[in-house]
Amino acid sequence: MTTDLLNIELRKAEKSRLAEVDFNNLPFGKHFSDHMFVADFVDGQWQNPQVVPFDNFSLSPALSSLHYGQSIFEGMKAYKNEQGEVLMFRPLENFRRMNESAKRMCMTTIPEEIFMGGLETLLRVDADWVPGTAGSSLYIRPYMFATDTFLGVAPSKSYRFCIFTCPVGAYYTKPPKLKVETEYIRSAPGGVGYAKCAGNYGGALYPTLLAQQEGYDQIMWTDAVEHKYIEESGTMNIMFYMNGKLVTPATSDSILKGVTRDSILQIARSWGVEVEERKVSIDEVIQGIEDGTLLEAFGAGTAVVVSPYSVIGYKGKDYMLPEVAEENSLSKRVYKFLNDLRTGRVEDTFGFMYKV
Ligand code: COI
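Parameters and conventions
- Residues numbered from 1 in each chain as written.
- Predicted model: local features only at pLDDT ≥ 70, side-chain atom pairs only at ≥ 80, totals over all residues.
- Heavy atoms only, no water.
- Pairing = 2+ DSSP bridges.
- Helix = DSSP H or I, 4+ residues; strand = E, 2+ residues; numbered from the N terminus.
- Right-handed = clockwise from strand over helix to strand, strands pointing away.
- Axes fitted to C-alpha atoms, helices over the stretch in contact; angles between N-to-C directions.
- Contact = heavy atoms within 4.5 Å.
- Near = heavy atom within 4 Å.
- Polar contact = N/O pair within 3.5 Å; in protein donor to acceptor, adjacent residues only side chain to side chain.
- Areas by Shrake-Rupley, 256 points an atom, 1.4 Å probe, with all protein chains shown as cover.
- Nonpolar A, V, L, I, M, F, W, Y, C, P; charged D, E, K, R; others polar.
- Domains from an automatic or database assignment.
- Buried < 20%, exposed > 50% of the residue type's maximum accessible area, 1.4 Å probe, protein only.
- Arc of directions from axis to C-beta.
- Lys, Arg positive; Asp, Glu negative; His and termini not counted.
- Salt bridge = Lys/Arg side-chain N within 4 Å of Asp/Glu carboxyl O.
- Phe/Tyr/Trp six-rings, centres within 6.5 Å; stacked < 30°, edge-to-face > 60°.
- Lys NZ or Arg CZ within 6 Å of the ring centre and 35° of its normal.
- Buried area = accessible area lost by both parts, 1.4 Å probe.

S.K.: Tell me about the pairing of strand β15 (residues 274-278), residues and numbers included.
M.R.: Alignment of strand β14 (residues 245-249) against β15, held across five bridges, turns out to be parallel. Paired with Val247 across the bridge in β15 is Glu276. Crossover handedness for the path β14 to helix α5 (residues 259-270) to β15: right-handed.

S.K.: Go over the sheet that holds strand β16 (residues 294-301) with me, naming the residues and quoting the values.
M.R.: Within a sheet, each strand pairs with its neighbour through backbone hydrogen bonds, oriented either parallel or antiparallel. Strand order across the open sheet formed by five strands is β15-β14-β13-β16-β17, with mixed pairing between neighbours. Looking at strand neighbours, the two that pair on one side only are β15 and β17 (305-308), the edges of this open sheet. Sheet twist, expressed as the average angle between the axes of neighbouring strands with direction ignored, equals 25 degrees. Two strands pair when backbone bridges link them, and strand β13 (residues 237-242) and β16 are joined in this way by six bridges, in the antiparallel orientation. When the bridges of β16 are listed, Tyr241 appears paired with Glu296. Contacts from helix α7 (residues 330-342) reach β13, β14, β16 and β17, with the element oriented near 160 degrees to β17.

S.K.: I'd like a rundown of the site of the ligand, residues and numbers included.
M.R.: Near the ligand, the surroundings consist of Phe73, Gly75, Tyr139, Arg141, Tyr171, Lys196, Tyr201, Thr302 and Ala303. The separation between an oxygen atom of the ligand and a polar main-chain atom of Thr302 is 3.3 Å. Across the complex, the protein chains shield 89% of the 290 Å² of accessible surface that the ligand would expose by itself. For the shell around the ligand, the per-class residue count stands at five nonpolar, two polar and two charged. Both domains that furnish three or more residues to the shell around the ligand are identified here as domain 1 (9-168) and domain 2 (177-341).

S.K.: Can you lay out helix α6 (residues 282-291) for me, pointing to particular residues and giving the numbers?
M.R.: Buried residues of α6: Ile282, Val285, Ile286, Gly288 and Ile289, and no others. Along the axis of α6, the buried positions cluster into a sector of 160 degrees, meaning they face one direction only. Buried positions along α6 lie against β10 (177-180), β12 (230-233), β13, β16, β18 (311-314) and β19 (317-320).

S.K.: An account of the sheet that holds β19 is needed here, citing residue identities and associated values.
M.R.: Spatial strand order, β12-β11-β10-β18-β19: five strands in an open sheet with mixed pairing. On the outer flanks of this sheet lie β12 and β19, each paired with one strand and no other. Within this sheet the neighbouring strands show an average axis-to-axis angle of 30 degrees, counted without direction. Here β10 runs beside β18; their pairing, made up of three bridges, is parallel. Across the sheet, the residue bridging to Lys179 is Gly313, located in β18. Most of the contacts of helix α4 (residues 198-213) go to strand β11 (residues 218-222), to which it runs at about 120 degrees, and overall it touches β10 and β11.

S.K.: If you had to explain the side chain of Glu231 to someone new, which residues and values would you point to?
M.R.: In this structure, Glu231 sits in strand β12. Of the side chains with opposite charge, Arg186 comes closest to the buried, unpaired Glu231, at an N-O distance of 5.7 Å. Reaching out from Glu231, the side chain makes a polar contact with the side chain of Ser254 at a distance of 3.0 Å. Among all residues touching Glu231, those that are not within four sequence positions of it are Ser187, Trp221, Thr222, Asp223, Pro249, Ser254 and Ile255.

S.K.: Outline the pattern of salt bridges, supporting the account with residue identities and numerical values.
M.R.: Throughout the structure, instances matching the rule amount to 18 salt bridges. Here Asp262 makes a salt bridge to Arg90, at a shortest N to O gap of 2.8 Å. Of this pair, Asp262 sits in helix α5 while Arg90 sits in the loop between β7 (86-89) and α2 (91-104); the two residues are 172 residues apart in sequence, bridging distant segments of the chain. On the accessibility criterion, Asp262 (31% relative accessible area) is partly exposed. Residues Glu284 and Arg278 are paired through a salt bridge, measuring 2.7 Å at the closest nitrogen-oxygen approach. Looking at Glu284, the relative accessible area reads 26%, which means it is partly exposed.

S.K.: An account of the packing of aromatic side chains is requested, with residue identities and associated values reported.
M.R.: Within this structure, the stated rule accounts for 21 aromatic pairs. Ring geometry for Phe350 against Phe352: centres 5.0 Å apart, planes inclined by 20 degrees, an arrangement best described as stacked. By way of ring pairs, the aromatic residues Phe37, Phe41, Trp46, Phe95, Phe115, Tyr159 and Phe161 are connected into one cluster. One Lys or Arg, Lys279, reaches over the ring of Tyr229 and ends 4.6 Å from the middle of that ring.

S.K.: Provide a residue-level description of the domain arrangement of the protein, including the pertinent values.
M.R.: On domain assignment, one finds that the protein holds domain 1 (9-168) and domain 2 (177-341). Taken together, the contact pairs 19 residues of domain 1 with 22 residues of domain 2. Around 1700 Å² of area is buried between domain 1 and domain 2 when both sides are counted, 59% of it from carbon and sulfur atoms. A per-residue breakdown of the area domain 1 buries against domain 2 is headed by Phe73, Arg97 and Arg104, which together make up 36% of the total. Linking domain 1 with domain 2 are one salt bridge, by the criterion used here. On inspection of domain 1 and its partner domain 2, the count reaches eleven residue pairs in polar contact (both at pLDDT 80 or more). Of all the secondary-structure elements, those providing two or more residues to the side of domain 1 that touches domain 2 are β5 (71-73), β6 (76-80) and α2.

In structure tokens, the structure reads:
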């Protein structure tokens, strides 16, 4: 055992699994890097921060998070620039959002030194796992779950915070087809939609399966009250380029405040693109596709980055979106700019990149 940054204990893997991974063919979320960071909140304080080999946990069958869902996570990414340095994309935004999710789920919050210290130590130890290949990155999964062994329904007093990472390629290998959901809901006013809690994803699986059985890849969620306004998709916020403006649903308590979403809006504004954050009705989107004023519809998220849609299915009819092959389409320009920023090919005037 040795110690590293902020007295984080470090126990290294006896043998790296790096050579087992084909970095030219990286499926999303299947290869896990050699190490993970773990810290426990017990007796009212964070203790025992350590970087250890990626391995199984031993957990009680009565673990409260398994029963009552106090479980939250984040998704973020690290990149290697052309000089071989490792940079994370806006990690402090994920740190802040994780603590907002923690508050909503009645969990303890994570101190910045634990979150950032764990992250930096882990990335230094596993720096060789950060892909340097175009379109690839190191996906980082911080998460926290309740660890009380108690069956009463009450906030847990103990928690485990963990971070592990995976080298990943593209989340979608082709532009996804989205079905506008008008029966099931993801979240409702006053609910937990803005929190990145495990249950939001679990609850979406069945409606998504039904959509997939109809030939779609994902769902475009609409509001819980009228099924009239677009909210977000299962793994991303949603954006439209219509009437010469970048239009996206305003965030609310039922929509996740995406870090990629915010970054794209900042970038677009800096280019002089007019941005509208407001309610976006499905009727105006369909109208825009039909009259040709809607040129692009795309998802924005850590995992998907920028993902143009091919089809929007609504009330049994498929609406085809124009192909965005042209280099000057907004989604292509944003995607390229984000990649250039992340790999150090353009100057980071936004202050988005965080060197490890
Ligand atoms: C992310 O973009 O990090 C997400 O949360 C999507 C993930 C559930 C795959």
